[in-house]
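For reference, the chains in residue letters:
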Amino acid sequence: MADNIEAIQKSIKWYLVIGGILILASGATVWLSYVELPTHSLNILVGMILATIKATLVALIFMHLNHERSMIYKILLFTVVLAAVLFALFIFSHEDPLVFSGFYAPVEQQ
Amino acid sequence: MDIPYTVHARPDTGLYNAKIGIWLFLASEVMLFGGLFSAYIFLRVGADYPWPVHDLDVTLGFINTVVLIASSVTVVMAWAMLKLRKFGWYRINMAITVICAGVFMFNKSLEYKAKFAHYAVKLTDGTMLTGHLPHGYQVKFEGATEFNLSVPLKTSAVTADPIGHVLPFIEGTAPKFKTEGGQEITLDEASFKALSAEAVKKAAEAKKGTASIKLIATAPIKFAVKPSEIFAYTDTTITFRDGTTATGKLTDDKMTLEVDGVDARGVAQSEKSLAFDHRYLGEAWQKAFVENRDHHITKFEKDYPTRDKTRSATLQKESLFFKLNSAEAPAAGAAHGDAHGAEAHAPAGGHGDAHGHHPTVVLEKKDFTFFSNFTPKLNTYYAIYFTLTGLHGLHVIAGALVLLYFLAFDGKRLRQDPEHLANRVEVGGLFWHFVDLVWIFLFPLLYLL
């Protein structure tokens, strides 16, 4: 924990730097969204990668996750796993669940 | 009884209690927003219309992004200043955070307001017209004299209520009505109650399921009503929401629309869109549209010779979603706009149109199938847009209220137990950062990509 005076004084400068980086990254996201990449999916991918980097910075620096107690990480581990399952559910709606799970292979269409 | 471990860490977890509490709460919040982001993917993949990209006000969205990031910095600074016992700086940082929340919500309200006032009309050939309805949209009826009301004897969802569903739509003052008994009455709560009671009594005696009341207006009535406020209408009849029917003559169900956009992405031959019919935008705009479309297609072919132009959503939008920014069609050669949008700029000469910036068309009812303002009714994009930003907005309000409470009402704790207040601010701040974090994903997904 950054609880001692010196550590907090040091981190103040970092908060401002990270804030600046976040604003610049937001500007970059806007600019990149107007760039015509080969497919629009690539635009989405790039945008989401940038957003994830920004979110990670907020979580690590502003939310102090770069130095937290293990209990918090345990809670977050569950969250990450459950959220991943939530998004994975999408695959089962988009694909045939029986084929996807390897339950049977579809007969080739003539 | 004192709540334990508000200041010092519990020996087993190494944390003060509120911190575990807020992280558990944030974990549940991740699942809440995760579910909605997951819904966003479902809706986007399943959308049977071009998913709107850059359709919201990007500048306003970007300003809000900067505002939220700034407030995230100030809230963590407030905590640090409290730890360093710089109380003045703590107060300043907290105040800026709350002000930022206010600015964010103010911008959001501007954005919502613009959407509520903006309309999209779907024409029968698949063209979408966007624009404003300067006078709203009303169906007009005149010469209505005979009214048939029915009151079911059993409880029913539809039962005659002319006071609530017929009288409000009369243009001018309501005339008197003649009952079947020849009596002349002024229709109001009391007189209708008496009339209805009498009719119900008669129907019960005759063992009928429904009591009918016939009213003849002493003077022909004119109606002006939104289509959503009535059940149905034909050229000669109108059925109100309470089941009351009237005969008369339909005089006007045309829609006056100030057109600011023609979206021909749903039309096979875009230049033949119904929007360019001689009754509507006409040939001059058609020319401007074609010129703009071909300009963008040629430019795309030049810039990206190897790419399939039918698969570029951006090109589809730039070439087929034509924005009209002047009241009259621009002269040849001036139609194509800047790098980002298909925007036709105002002609140099200017014009005397009272409405200024957009051409006005009067659409016949038979030519459009659907219209809506930019709300969840329009499409699934606006449904998820309002759900996500609305829920996020509620979080902004809630977080700002908590931080404002610490700033305004926790002065005693600030003087006597600043370490405890620092922990409170840290917990409030963690929630605030989470709100920022959600916006970091919302902004690109809804505004940019």
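Residues numbered from 1 in each chain as written. Chains lettered and ligands numbered in written order. Predicted model: local features only at pLDDT ≥ 70, side-chain atom pairs only at ≥ 80, totals over all residues.

Enquirer: Can you tell me about the overall build of chain B, naming the residues and giving the values?
Expert: Across its full length, chain B carries 10 helices and 15 strands. Here the C-alpha radius of gyration of chain B, 30 Å, is well above what a compact globule of 449 residues would show, namely 22 Å. Dimensions of chain B along its principal axes, counting C-alpha atoms only, are 90 × 70 × 40 Å. Out of the 449 residues belonging to chain B, those deemed buried represent 33%. Across chain B, every contact between residues at least 6 apart in sequence was considered, and the portion connecting residues at least 24 apart equals 71%. (Helix = DSSP H or I, 4+ residues; strand = E, 2+ residues; numbered from the N terminus. Rg over C-alpha atoms; globule rule 2.2 N^0.38 Å. Buried ≥ 20, exposed ≤ 12 C-beta atoms within 10 Å, placed from the backbone. Contact = placed C-beta atoms within 7 Å.)

Enquirer: For the interface of chain A and chain B, give the residues involved together with the corresponding values.
Expert: Contacts between chain A and chain B engage 43 residues on the former and 42 residues on the latter. Those elements giving two or more residues to the side of chain A that touches chain B turn out to be helix H1 (5-34), helix H2 (40-62) and helix H3 (70-94) of chain A. Looking at the side of chain A that touches chain B, the element that brings in the most residues is H1 of chain A, giving 15 residues. When the residues that make up the side of chain A that touches chain B are grouped by side-chain class, the tally is 28 nonpolar, 12 polar and three charged. (Nonpolar A, V, L, I, M, F, W, Y, C, P; charged D, E, K, R; others polar.)

Enquirer: Tell me what's going on with the domain arrangement of chain B, and back it up with residues and numbers.
Expert: Residues and elements named next belong to chain B. Assigned domains of chain B: these are domain 1 (17-118 + 378-448), domain 2 (122-134 + 256-373) and domain 3 (139-225). Between the C-alpha centres of domain 1 and domain 2 the distance comes to 37 Å. Listed by partner, the interface residues are seven residues for domain 1 and eight residues for domain 2. (Domains from an automatic or database assignment.)

Enquirer: Explain the nonpolar core to me, using residue names and the numbers behind them.
Expert: Of all hydrophobic cores here, the largest spans 54 residues; its most connected members are Val76, Ala78, Trp79, Leu82, Leu403, Val425 and Trp439 of chain B. Counting only elements with at least two residues in this core, the list comes to H1 and H2 of chain A together with helix H2 (58-83), helix H3 (87-117), helix H8 (380-409) and helix H10 (418-448) of chain B. Residue contributions to this core peak at 16 residues, all from H10 of chain B. Those residues in contact with alanine 78 of chain B that sit more than four places away from it in its chain are Tyr90, Asn93, Met94, Thr97 and Val425 of chain B. Val259, Leu281, Leu324 and Phe371 of chain B belong to the second-largest nonpolar core, a separate cluster that totals 26 residues. (Core = buried A, V, L, I, M, F, W, Y, C linked by C-beta atoms within 7 Å.)

Enquirer: Explain H10 of chain B residue by residue, including any values.
Expert: With 31 residues, H10 of chain B should cover 45 Å at 1.5 Å per step; its first-to-last C-alpha distance of 43 Å lies within 8% of that length. Bending of H10 of chain B peaks at approximately 30 degrees at the position of leucine 442 of chain B, with proline proline 444 of chain B no more than four residues after it. (Expected span 1.5 Å × (residues − 1). Bend = angle between axes of the 7 residues up to and from the residue.)

Enquirer: Would you mind going over helix H5 (residues 189-205) of chain B in detail, with residue names and values included?
Expert: Residues and elements named next belong to chain B. With 17 residues, H5 should cover 24 Å at 1.5 Å per step; its first-to-last C-alpha distance of 24 Å lies within 8% of that length. Those residues of H5 not exposed but buried are Phe192, Leu195 and Ala199. Mapping the buried residues of H5 onto a view down its axis gives an arc of 65 degrees, with all of them on the same face. Of the residues in H5, the exposed ones pointing more than 90 degrees away from the buried face are Glu189, Ala190, Lys193, Ala194, Ala197, Lys201, Ala204 and Glu205. Contact partners of the buried residues in H5: strand E3 (139-152), helix H4 (162-165) and strand E6 (210-225). Downstream of H5 by one or two residues, lysine 207 has phi in the positive range, about 55 degrees. (Arc of directions from axis to C-beta.)

Enquirer: I'd like a description of the environment of histidine 165 of chain B, backed by residues and values.
Expert: Residue and element names in this part refer to chain B. Relative to the helices and strands, histidine 165 resides in helix H4. In this structure histidine 165 comes out as partly exposed when scored by C-beta crowding, with 19 C-beta atoms within 10 Å. Setting aside chain neighbours within four positions, we find histidine 165 in contact with Phe240, Arg241, Asp242 and Thr244.

Enquirer: Can you lay out the environment of alanine 101 of chain B for me, pointing to particular residues and giving the numbers?
Expert: All names here are of chain B. As for its position among the elements, alanine 101 is in helix H3. You can call alanine 101 buried: it has 24 C-beta atoms within 10 Å. For the pair alanine 101 and valine 290, spaced 189 residues apart in the sequence, the C-alpha separation amounts to 45 Å.

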